[in-house]
Amino acid sequence: MLHRGTEKLAEYKPYNQSIGYMDRLDYVSMMANEHAYVMAIEKMLDVEVPERAQYIRVMFDEITRILNHLMWLGAHALDIGAMTIFLYAFREREDLMDCYEAVSGARMHATYYRPGGVYRDLPDSMPKHKESKWHSGKKLDKLNEIREGTLLDFIESFTERFPGYVDEYETLLTDNRIWKQRTVDIGIVSPERALQLGFTGPMLRGSGFAWDLRKQQPYEVYDKMDFDIPVGVTGDCYDRYLVRVQEMRESNKIIKQCVDWLNKNPGPVMSSDVRVAPPSREDTKTNMESLIKHFKLFTEGYTIPTGEIYSAVEHPKGEFGIYMVSDGANKPYRMKVRAPGFSHLASLDEMVKGHMIADVVSIIGTQDIVFGEVDR
């Protein structure tokens, strides 16, 4: 029952109350969905986002990409019959989920990005494991060792460990003959056909087309980042697997660069634009006008000038776009989500033709479908 009518619901809610709906579209790539939505509002209002907030967003976009690809890799391998990698992938997801929780209080539906920046700056400490019947003594100390510093220290230690973990995944799968029998030359899509079918993201790059919005239409601070775009050769399931694995390595590089910059550059993480920024907590508790402003911002929201906008991000699954029409009210007149999985699922019939029924499992897996965004 995923038919939630997100686009229609958004027409009945003030702009700032729909951010939480975005998390629930592709519920494996939560913050990436939010990003496209808040960017659409920022473009319509012409709001300037502080540089520190831009770096935080890029860092969490890439953390989200790794989270998504780990989920995809574990589930895809499990579908095809490889059990161990599922457990490995979830081991790493746990650390990244802790990062989500540290900044937003939620493991999944974060609602952390806000028009004008992010909800709050990165915390100075990480939650620690407590003693229990499973963890105690030296084992507990070992678990908490990497949690002694700030969130940035925790993320930095993750980026140092992660390439080794990806090597483990590749040891298990890349040259595994059963894995190759199930993925090589299965579900081949030519570059021309991939474009015609509306593929984006790893599905398009797997067919050899080096298209990535982070390079072609840079947003936030992606133009300052050093990373490569992995592309496939054959356009089969195996190529798409290799592309996503390499993408995890590239995302790790971007996160490292963001951590480096954020450590050296403190600053505001929310725009000072009074249209979108709530008053500080101190002002709200001592000043009546600020309290009224806070109340009105979170109940009525803000109005957006009449017009229309399309805002897209390089989501872990492809191009995720928000098309929004404003009639000058405090809620969208119309909103449409361009979900990458929708086009990919539409191609399933064509991709499975001429294959065995067992190959359908590999092909659905390689598409990385999440019905929350397909159904909307």
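Residues numbered from 1 in each chain as written. Predicted model: local features only at pLDDT ≥ 70, side-chain atom pairs only at ≥ 80, totals over all residues. Heavy atoms only, no water.

S.K.: Which parts of the structure should I look at to understand the overall build of the protein?
M.R.: What the protein contains, in helices and strands, is 18 helices and five strands. Since a compact globule built from 376 residues should have a radius of gyration of about 21 Å, the 21 Å found for the protein is in line with a globular shape. Projected onto the principal axes, the alpha-carbon positions of the protein cover approximately 70 × 55 × 40 Å. Counting every position in the protein, which comprises 376 residues, the buried fraction comes to 53%. Put simply, of all contacts in the protein between residues at least 6 apart along the chain, 72% involve residues at least 24 apart. Just so you have it, the protein exposes about 16,800 Å², and 55% of that area is on carbon and sulfur atoms. Side-chain charges in the protein split into 47 positive and 57 negative, and the spacing between the mean points of these groups amounts to 4 Å. (Helix = DSSP H or I, 4+ residues; strand = E, 2+ residues; numbered from the N terminus. Rg over C-alpha atoms; globule rule 2.2 N^0.38 Å. Buried < 20%, exposed > 50% of the residue type's maximum accessible area, 1.4 Å probe, protein only. Contact = heavy atoms within 4.5 Å. Areas by Shrake-Rupley, 256 points an atom, 1.4 Å probe, with all protein chains shown as cover. Lys, Arg positive; Asp, Glu negative; His and termini not counted. Charge placed at Lys NZ, Arg CZ, Asp CG, Glu CD.)

S.K.: Can you help me understand the sheet that holds strand 4 (residues 318–326) in this one?
M.R.: Two modes of strand pairing occur in sheets, parallel and antiparallel, and in both the strands are linked by backbone hydrogen bonds. Pairing is antiparallel in the open sheet, where three strands are placed in the order 3-4-5. Each edge of the sheet is formed by a strand with only one pairing partner; in this case those strands are strand 3 (307–315) and strand 5 (334–338). Between one strand axis and the next, the sheet turns through 10° on average, direction left out of account. The pairing of strand 4 with strand 5 spans five bridges and is antiparallel. Residue Ile322 lies in a different strand from strand 5, and its bridge partner there is Val337. On top of the sheet, helix 3 (residues 30–45) reaches strand 3, strand 4 and strand 5; it is set at about 150° to strand 3, its chief contact. (Pairing = 2+ DSSP bridges. Axes fitted to C-alpha atoms, helices over the stretch in contact; angles between N-to-C directions.)

S.K.: What exactly am I supposed to notice about a nonpolar patch on the surface here?
M.R.: The grouping of Leu78, Met83 and Leu87 at the surface amounts to a nonpolar patch, some 280 Å² of accessible area in total. Within the element layout of this structure, Met83 appears in the loop between helix 4 (51–80) and helix 5 (84–104). (Patch = residues over 30% accessible without salt bridge, like charges linked within 9 Å, V, L, I, M, F, W, Y side chains within 5 Å. Salt bridge = Lys/Arg side-chain N within 4 Å of Asp/Glu carboxyl O.)

S.K.: Where do I start with unusual backbone geometry in this structure?
M.R.: Note: most residues except glycine have negative phi, and most peptide bonds are trans. The backbone phi angle of Asp46 is positive, close to 55°, even though this residue is not glycine. For Asp46, the location among the structural elements is in the loop between helix 3 and helix 4. The exposure class assigned to Asp46 is exposed, which follows from its relative accessible area of 68%. Non-glycine residue Glu220 carries a positive phi angle of around 50°. With respect to the helices, strands and loops of the structure, Glu220 is situated in the loop between helix 11 (213–216) and helix 12 (237–264). You can call Glu220 buried: its relative accessible area is 18%.

S.K.: Honestly, the nonpolar core in this entry has me stumped. Any pointers?
M.R.: Generally speaking, nonpolar side chains in soluble globular proteins are found buried as a group. Formed by 86 residues in total, the largest nonpolar core has its most connected members in Met59, Phe60, Tyr112, Leu122 and Ile322. By residue number, the principal contributor to this core is helix 4, which donates 14 residues. Those residues within four positions of Tyr112 in sequence are excluded, and the remaining contacts are Met31, Glu34, Ile56, Phe60, Val103, Ser104, Val118, Tyr119, Arg120, Asp121 and Leu122. Ranked by size, the runner-up nonpolar core spans twelve residues in total, among them Val189, Leu348, Met351 and Ile363. (Core = buried A, V, L, I, M, F, W, Y, C linked by side-chain atoms within 4.5 Å.)

S.K.: Teacher, can you tell me more about the side chain of Asn16 here?
M.R.: Following the sequence through the fold, Asn16 ends up in the loop between helix 1 (6–10) and helix 2 (19–23). Looking at Asn16, the relative accessible area reads 17%, which means it is buried. Of the polar contacts made by the side chain of Asn16, one reaches the backbone oxygen of Leu297; its length is 2.8 Å. If sequence neighbours within four positions are ignored, Asn16 has contacts with Leu297, Phe298, Gly301 and Tyr302. (Polar contact = N/O pair within 3.5 Å; in protein donor to acceptor, adjacent residues only side chain to side chain.)

S.K.: Help me understand helix 4 in this model?
M.R.: Three or four residues apart is the spacing at which side chains of an α-helix point the same way, because the helix has 3.6 residues per turn. Here helix 4 contains 30 residues, and its C-alpha end-to-end distance of 43 Å stays within 8% of the 44 Å for a straight helix at 1.5 Å per residue. Helix 4 sits mainly inside the fold: 25 of its 30 residues count as buried. (Expected span 1.5 Å × (residues − 1).)

S.K.: Would you mind showing me how to read the pairing of strand 4 here?
M.R.: Looking along a regular strand, one sees side chains alternate from face to face of the sheet. Along strand 4, eight of the nine residues are buried, which leaves the element largely enclosed by surrounding structure. Of the pairings in the sheet, the one linking strand 3 to strand 4 comprises nine bridges and is antiparallel in character. Across the sheet, the residue bridging to Ile309 is Met324, located in strand 4. Joining the antiparallel neighbours strand 3 and strand 4 is a turn of two residues.

S.K.: What exactly am I supposed to notice about the packing of helix 4 against helix 7 (residues 151–173) here?
M.R.: The axes of two packed helices give the description: the angle between them and the distance between them. Closest axis-to-axis distance for the helix 4/helix 7 pair is 13 Å, and the angle between their directions is 30°. Considering their axes alone, helix 4 and helix 7 lie roughly parallel with respect to each other. Crossing of helix 4 against helix 7: the hand is left-handed. Contacts between helix 4 and helix 7 involve Met59, Phe60, Ile63, Ile66, Leu70, Leu73 and Ala77 from the first element and Leu151, Leu152, Ile155, Phe162, Tyr169 and Leu173 from the second. (Parallel < 35°, antiparallel > 145°, perpendicular 65-115°, else oblique. Left-handed = near helix turned anticlockwise from the far one by under 90°.)

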